[in-house]
Every structure is written in C-alpha cells, then in structure tokens.
Amino acid sequence: MDFSNYSSIQASLLNGTTSCVSVVNHFLSNIEKQKHLNAFLEVFDQEAIERAKMLDAKTGDKGKLYGMVIALKDNICYKNHKVSASSKILENYISIYSSTVVERLLCEDAIIIGRTNCDEFAMGSSNENSAYGNVLNALDNKKVPGGSSGGSAVAVQADMCILSLGSDTGGSIRQPASFCGLVGYKPSYGLVSRYGLIAYGSSFDQIGPFSKNIEDTRLLMHVISGADEHDATMLQKNISFDKTAVNTKTKIAYIKDTIYNDALEPQVREKTIALLEKLKADGHELEAVGFDYMDYLIPAYYVLSTAEASSNLSRFDGVHYGYRSTNAQNMDQVYTKSRTEGFGKEVKNRIMLGTFVLSSGYYDAYYGKAQKLRRLLTDNINQIFSKYDYLIMPTSPTTAFEFDAKGDDPVAMYLADIFTVLSNLTGTPAISLPLFKSNENNMPIGIQLMSKKYSDASLLDFSEYFIEQYQEK
Ligand code: GLN
C-alpha cells in the first residue's frame, strides 16, 4: 500500500487488507517520531482512533473520503476543538461551531488528525511569525517550510497525514508547497466556503489542499467546493471536478519579468527556462505577454490585505474572544493591553498599516488607488486568459531560505510573495507543482500555473498531465 496516495489506501481499506485504525496509527507514529518539526499544535490522537474504530465498524455505503487522514491549519474552526490562528490572543479558545469544509469532510468519512502550526493569523511567508515556534522544513531542518501554512505543508511532506488544508490569501498554500516539494492549490475565489475560516483578508482568502498528487486534490475539491448559504461571496453554482481529456497542445503565456527578474535564484531561472523550451518543443504555443504592473503587485496586495485585516482583527479585543489582560485598570486598558500583549509583532505591524491606509486623510491616496489597481490587474488578467489557456511562472523566486535570513526587514520577506499575490488579487485559480530540485542545494522548486477564473477543473487535469510529463525524475 502506498501511503502517499489516497486511492491506494482506499482500495486497501475497501478490500479489507488494512483498517482505518491501522492507517491512523501509521500516521500517529510518524507524527510522534517527528515532533521536532513542530508541524502540529495539537494532535487529536484518541479522537482519531475512536473515529477510525467507528468507521471500521461501519456497514453499508462508505463516504468518498472514507479513512482519509487530514490535518487542518489552525485557522479553520472545528466544533469543540481549540483554534488559535497560532496567536497568543486565541490561546485556549475553543470553537463553538465547525467550518463548512470540516462539516463536509466529516460527512464523507474523513478523519481529522490535528491542527497545524502556521504564521499568526496567516500573516507571513516563513512560519517564523507563529506564537508557538518555528516549523522546520523536513528536507533541511535549517530551512523554513514557507508560510503561512507551514505546518500543513510539513505535515504532508513528512508523511504525518495524507492530505492537509491550508488557507491562501497571498500565496500561503502555494509558496510552502513549493518550498516543501508538494502540490499546493488555491481555488478560484468563491469556490470553497470561507465560513469558519478565521478571516485575514476576506476578499482574498481561500481554503485549499496540500497533497502529493492531483488525484487526491481533485477528490478533495469534489467534497469541499460548492455553494454554501453561509458564505455570500461564493459562486452560486457547483462546478464539476470530474476528470476530462486534456488538451496537450495549449497556448501558454509567460511574463518575462517573472523569469529574468534579478530576485530569482539562478537555478529557479534555469529550470524554468528549460521547461519553457521543452513545452515549445512539445508543440505548445508559448508567448511572452506584456504586463506593466509587476512592481505594483506587492504594494497593492499589502495595502488591501492589511486594510481588510485591520478591520477583521478588531474583534479580538479582550472581550469577545480569547486572551484578556490581567493588568487592565479600566475598559480602555482592557482593549489596549489585551491587544498589546496578545498580538505578535507582525500582526501589529499590519493592523497599523491597514488602519493607516484606511484613515480619512490617506484613504484615496492608498486604499482607493490600490482598489483601482486591482481592477486594472483583473482586466489585464482577463485579457491574457481570453487569448491563452495558462499563465506559467515559478511559484517563488527562491527555494526555501534559512531561518532569520530576512532579518527584521519585512519588505524583504514580502517579496517572497511576488509571484503568488496576482491570483489572489484577481480571484483566479493557481497551483504550485513540484517539478524540480535545485542542483545547488537539492531543495524543491515549484512551478505555478494560473488559469481563468472558475476553470479550476481543467487546471487540475492539465496539472496532472504536466507533472507526468515534466517532473524531473
Ligand atoms: N505571505 C503572505 C502574507 O504574509 C501571504 C499570506 C497568506 O496567503 N495567508 O500576507
């Protein structure tokens, strides 16, 4: 049985050669052996075993995810379980309801094995902003796993579960997938319900999976996607994730600056260029497209996402949820001290930045401008996808970097997202595929494919073909 592939596990479960309990025990023992990676904030071990027993005893129809062992990023609510967004301000907070994704997973007989470490409130690119310590990249423990969904990435990378869920506001699934050598997929905005996801930037956030193959991704999407009355921003019809035939002669666009930009590690550039040449040789139509907004992507993303974050995080006030300062003498101090003591540095930076860009004197100059830019980007992307099937680029300019590599310079860290924020700004689907390894440091290099909004099913089908065809053996 191949533990990296759900269909292989499912076949063994259904023909009785293994049981849900032994599958769960396999992953629990991997978690135990690799505690030093700090991927999990909490393991639901007893509960997972109980659920596995219940599933083993189940007669009749089995759910689509029968026995699938899944980990949740610590910003996805699961009723009667702790959820902290890796923040001290929500330490010991227990969710009173389950997110729609969790409801749907449980309905199809999945087993939730624990909650994973991440950057505080999903803000970061290296998992160094968690209040509960760094997550280590399993391939090289001196290196970051990427962020913000670093724990979810490492949980799959180090075989601690079959699949995990993360959230992606500006790259938090794709960039760690690239750093850890996994498939990481951000669905089109509006395909997966955000109900029960602790909000960071509501017009950007999407939940999506980390996996080792497209088949598992597709099956999961089948279950978690689709309209939900609790999320008014969703597409109101369901799209099918059934596999269809792949067009092997496609039109693919690339933006020159994503390959020749100085920020690229040489190996990332070389492997990407070699891939583009192969694609051409295989009969795909490949063209460089003009794109004038590269330098504005990061500023627009950080103005808009911090504006939304400053508003979303105002609910953590020491009264409604979680941590309350014990040093407060009056009501004002309850708010200020609880927030001062409860939030970490990066979260405070962003609340201040977001509050500033929304303030009446600067609103037009920053927030209004960034909104206009978002519109231009969307028009530009729509134009690209009216002519081309896919847009291709490296997921990240670099491979996984070392801890503290970016020092105290938040802007250096923000540039790690230069290629991922575009799809969140425009609502389009994007996926990072583990195609290469750097010859310099042996770390994974992910390639990102983007496509038209809601063309997710064909993006996944093409990605499967792409991995078969172009993954370095
Ligand atoms: N790294 C980006 C940030 O810090 C993206 C985060 C995310 O997608 N949640 O905002």
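Residues numbered from 1 in each chain as written. Predicted model: local features only at pLDDT ≥ 70, side-chain atom pairs only at ≥ 80, totals over all residues. Heavy atoms only, no water.

A look at the site of the ligand
Taken together, 15 residues surround the ligand, and among them A122, T169, G170, S172 and Y301 come closest. Between an oxygen atom of the ligand and a main-chain N or O atom of T169, the distance comes to 2.7 Å. The side chain of Y200 places a nitrogen or oxygen atom 2.8 Å from an oxygen atom of the ligand. For the ligand, whose accessible area on its own is 290 Å², the fraction buried by protein is 100%. Broken down by class, the residue content of the shell around the ligand amounts to five nonpolar, seven polar and three charged. (Near = heavy atom within 4 Å. Polar contact = N/O pair within 3.5 Å; in protein donor to acceptor, adjacent residues only side chain to side chain. Areas by Shrake-Rupley, 256 points an atom, 1.4 Å probe, with all protein chains shown as cover. Nonpolar A, V, L, I, M, F, W, Y, C, P; charged D, E, K, R; others polar.)

Observations concerning the nonpolar core
With 147 residues, the main nonpolar core has L105, F121, I392 and F466 as its most contacted residues. With near-sequence residues (within four places) excluded, L105 lies in contact with L65, I70, L72, A110, I112, L165, L220, V223 and I224. (Core = buried A, V, L, I, M, F, W, Y, C linked by side-chain atoms within 4.5 Å. Buried < 20%, exposed > 50% of the residue type's maximum accessible area, 1.4 Å probe, protein only. Contact = heavy atoms within 4.5 Å.)

Topic: the packing of aromatic side chains
What describes a pair of aromatic rings is the distance from one ring centre to the other and the angle between the planes of the rings. In the structure shown here, the tally under the stated rule is 20 aromatic pairs. Residues F3 and F27 carry aromatic rings whose centres are separated by 5.6 Å and whose planes lie at 90 degrees to one another, so their mutual orientation is edge-to-face. With F3 in the segment before α1 (6-14) and F27 in helix α2 (residues 20-33), the pair connects residues that are 24 residues apart, well separated along the chain. For F27, a relative accessible area of 1% translates into the label buried. Plain terms: the ring middles of F316 and Y321 are 5.4 Å apart, the flat faces sit at 45 degrees to each other, and that makes the pair tilted. The buried category is assigned to F316, whose relative accessible area is 5%. (Phe/Tyr/Trp six-rings, centres within 6.5 Å; stacked < 30°, edge-to-face > 60°. Helix = DSSP H or I, 4+ residues; strand = E, 2+ residues; numbered from the N terminus.)

Thoughts on the sheet that holds strand β2 (residues 69-73)
Here 11 strands make up an open sheet; going across it, the order is β1-β3-β2-β4-β6-β5-β10-β11-β9-β7-β8 and the pairing mixed. If you trace the sheet from one side to the other, it starts and ends with β1 (40-43) and β8 (285-288), each paired once. Across the sheet, the mean angle from the axis of one strand to that of its neighbour is 30 degrees, orientation sign disregarded. Here strand β4 (residues 163-168) pairs with strand β6 (residues 206-211) via five bridges, running antiparallel. (Pairing = 2+ DSSP bridges. Axes fitted to C-alpha atoms, helices over the stretch in contact; angles between N-to-C directions.)

Describing the state of the cysteines
In the structure shown here, the tally under the stated rule is zero disulfides. In this structure C118 is not part of a disulfide, and its nearest cysteine sulfur, from C77, lies 12 Å away. (Disulfide = S-S within 2.5 Å.)

Some words on the side chain of E464
As for its position among the elements, E464 is in helix α16 (residues 456-470). Classification of E464 by relative accessible area gives buried; the value is 14%. When near neighbours in sequence (up to four residues on either side) are disregarded, E464 contacts I214, E215, R218 and K243.

Topic: helix α10 (residues 294-312)
With 19 residues, α10 extends 28 Å from end C-alpha to end C-alpha; this agrees with the ideal 27 Å at 1.5 Å per step. Burial analysis of α10 places 15 of its 19 residues in the buried class, the great majority of the element. (Expected span 1.5 Å × (residues − 1).)

Overview of the packing of α10 against helix α12 (residues 345-358)
Between α10 and α12, whose axes approach to 7 Å, the crossing angle comes to 100 degrees. On the basis of their axis angle, the class for α10 and α12 is roughly perpendicular. Between α10 and α12, the contacting residues are Y302, V303, T306, A307 and S310 on the first element and R350, I351, L353, G354, T355, V357 and L358 on the second. Here the residues of the contact of α10 with α12 sort into seven nonpolar, four polar and one charged. (Parallel < 35°, antiparallel > 145°, perpendicular 65-115°, else oblique.)

Looking at the environment of D364
Within the secondary structure, D364 sits in helix α13 (residues 364-387). In the structure, D364 is positioned 75 residues away from V289 in sequence and 31 Å away in space, judged by C-alpha atoms.

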